[in-house]
Amino acid sequence: MKHVIQSIRATFESELHLCKQANDLEALRVRYLGKKGLVQEQLKSLRDVPEAEKPLVGKLINELKKEIEERLDAAISACSHLQLQDKMAKEALDVTLPGRRSNVGSKHPVTQMLDEITDIFVSMGFSVALGPEIESEYYNFDVLNISPDHPARDMQDTFYVAPGMVLRTHTSNSQGRVMENANPPIRIICPGRVFRNETIDASHHVFFHQVEGLYVDENVSMQDLLSTLSEFVRRLFKKDVEVRLRSSYFPFVEPGVELDMSCLLCEGKGCATCKHTGWIEVLGAGMVHPQVLRNVGLDPEKYTGYAWGLGVERMVALRSGIRDIRLFAENDMRFLSQFYAV
Ligand code: PHE
């Protein structure tokens, strides 16, 4: 009997050494100390031990039981300690590591430019009037003196979306809407998106942005147009640039002009950017055509007005030296992040 107890002790020891984790130890506990375990078996077989030896053998079995319990307890607590250490090592946080920065959004360069242009004109007393992007042919063309057979309808390749409806080809669509509903003095700008059915390349896109301007009152003159727009250009480009008017044609203004400014890069001396002319084309403008005033019920004998339309992408391109306007529509963060406003 003693030998049996000895050998159980020895096997237990060697099995204990093989245990790697808490599960193994638990299995070992059940096998030795469980109800049907080895120790219990020994206690049962005590019945067959001669009466005289019973106390001693009983004592030995109890000692074995106690020893196994102690050994297992120690092993279990060592194991859970190890497991804890292991877990802590795996989940360790290096609090000295720099944190990850989150990306802060910023306005698109075209939106920034729209805001800036709006601010300048609002400070001069203009208010903002928005027009629809899906527009009737009437407001996009007819009211502006562009009859259906007018060659200007071909000049601006138009997206027709339904009979009589177009995607506005210019922000001039706001002119008729505003003049129909207000009495002079009328002083508005209309910033917004316009659409043209063009082949996309470095200087053309199917959509871009314009800021329309309209001032109608008694005695509005070409001189007013020139002084307002030259002040605008100087404020926007933060430079004392020269401006000039060049005669041009738009059906809804008479006379029609194009406003140029002295080249920002060469200051008028001539370079590749200004095609060696010293001048850069900025916007189209003119005095509101008497027929347009009549179309909206205003008396051209009493009122005169000026209007302009400028391209917003073009302003950003001029100011930041961008040669490909497709970049504005591509959402490439490498491009856009260069315009993050501080
Ligand atoms: N609507 C014209 C264009 O898109 C620009 C313009 C506006 C010209 C107002 C004169 C007056 O080209």
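About the thresholds
- Residues numbered from 1 in each chain as written.
- Predicted model: local features only at pLDDT ≥ 70, side-chain atom pairs only at ≥ 80, totals over all residues.
- Heavy atoms only, no water.
- Helix = DSSP H or I, 4+ residues; strand = E, 2+ residues; numbered from the N terminus.
- Rg over C-alpha atoms; globule rule 2.2 N^0.38 Å.
- Buried < 20%, exposed > 50% of the residue type's maximum accessible area, 1.4 Å probe, protein only.
- Contact = heavy atoms within 4.5 Å.
- Areas by Shrake-Rupley, 256 points an atom, 1.4 Å probe, with all protein chains shown as cover.
- Lys, Arg positive; Asp, Glu negative; His and termini not counted.
- Charge placed at Lys NZ, Arg CZ, Asp CG, Glu CD.
- Near = heavy atom within 4 Å.
- Polar contact = N/O pair within 3.5 Å; in protein donor to acceptor, adjacent residues only side chain to side chain.
- Pairing = 2+ DSSP bridges.
- Axes fitted to C-alpha atoms, helices over the stretch in contact; angles between N-to-C directions.
- Expected span 1.5 Å × (residues − 1).
- Domains from an automatic or database assignment.
- Core = buried A, V, L, I, M, F, W, Y, C linked by side-chain atoms within 4.5 Å.
- Parallel < 35°, antiparallel > 145°, perpendicular 65-115°, else oblique.
- Left-handed = near helix turned anticlockwise from the far one by under 90°.
- Nonpolar A, V, L, I, M, F, W, Y, C, P; charged D, E, K, R; others polar.

Before going further, it helps to examine the overall build of the protein. Scanning the protein for helices and strands turns up 12 helices and 10 strands. In terms of overall size, the protein is more extended than a compact globule, its C-alpha atoms giving a radius of gyration of 44 Å where 342 residues would be expected to give roughly 20 Å. Its C-alpha atoms give the protein principal-axis dimensions of roughly 140 × 50 × 35 Å. By residue count, 42% of the 342 residues in the protein fall in the buried class. Of the contacts made within the protein by residues no fewer than 6 positions apart, 67% connect residues no fewer than 24 positions apart. For the protein, the exposed surface amounts to about 19,600 Å²; the carbon and sulfur share of it is 53%. Looking at the protein, you have 40 positive and 47 negative side-chain charges, and the mean spots of the two groups are 11 Å apart.

Of all residues adjacent to the ligand, which total 15 residues, the nearest are H170, S172, R196, Q210 and G309. The side chain of H170 places a nitrogen or oxygen atom 3.0 Å from a nitrogen atom of the ligand. Its free accessible area being 330 Å², the ligand has 92% of it covered by the protein chains. For the shell around the ligand, the secondary-structure elements that each account for two or more residues are β6 (207-217), β9 (279-288) and β10 (304-311).

With that settled, consider the sheet that holds strand β3 (residues 160-162). Across the sheet, 3 strands lie side by side as β2-β4-β3; this open sheet has antiparallel pairing. Both outer strands of the open sheet, β2 (134-136) and β3, are each paired with one neighbouring strand and no more. Each strand axis lies, on average, 40 degrees off the axis of its neighbour in the sheet, ignoring direction. As defined by bridge partners, β3 adjoins strand β4 (residues 165-167) across 2 bridges and the pair is classed as antiparallel. Bridging across to β4, A162 finds its partner in M165.

Here helix α9 (residues 222-237) is 16 residues long and its end C-alpha atoms lie 22 Å apart, about the 22 Å a rise of 1.5 Å per residue gives. Inspection of α9 places L225, T228, L229, S230, F232, V233, L236 and F237 among the buried residues, and these make up the whole buried set. Where α9 is buried, its residues contact α5 (109-123), β7 (243-248), β8 (253-262), β9, β10 and α11 (312-320). The residue sitting at the N-terminus of α9 and contributing the capping side-chain oxygen is S221; that oxygen lies 3.2 Å from the backbone nitrogen of Q223. Phi turns positive one or two residues past the end of α9, at K238, with a value near 50 degrees.

On to unusual backbone geometry, then. Look at the link from P184 to P185: it is a cis peptide, with omega at 0 degrees. Tracing the backbone shows P185 in the loop between α8 (173-181) and β5 (186-195). Phi is positive for E267, close to 50 degrees, though the residue is something other than glycine. Its place among the elements puts E267 in the loop between β8 and β9.

With that out of the way, let us pick up the domain arrangement of the protein. Think of interface size as the accessible area that goes away when the parts come together; that is how it is often given. Domains assigned within the protein are domain 1 (2-90) and domain 2 (109-339). Each of domain 1 and domain 2 has a C-alpha centre, and these two points are 93 Å apart.

Okay, the nonpolar core next. With 46 residues, the main nonpolar core has I117, V233, M261, W308 and L310 as its most contacted residues. Those elements giving two or more residues to this core turn out to be α5, β6, α9, β8, β9, β10, α11 and α12 (333-336). Grouped together as the second largest cluster of nonpolar side chains are 22 residues, M179, I188, L214 and V216 included.

So, on to the pairing of β10. In terms of strand pairing, β6 meets β10 through 8 bridges, oriented antiparallel. Its bridge partner lying in β10, V216 is registered against G305.

Let us look at the packing of α5 against α9. Two elements in contact, α5 and α9, have axes separated by 10 Å at closest approach and are oriented at 135 degrees. Taken together, the axes of α5 and α9 are oblique relative to one another. Between α5 and α9 the crossing geometry is right-handed. Contact residues: α5 offers M113, E116, I117, I120, F121 and S123, while α9 offers T228, L229, F232, R235 and L236. Tallied by class, the residues present in the contact of α5 with α9 amount to 7 nonpolar, 2 polar and 2 charged.

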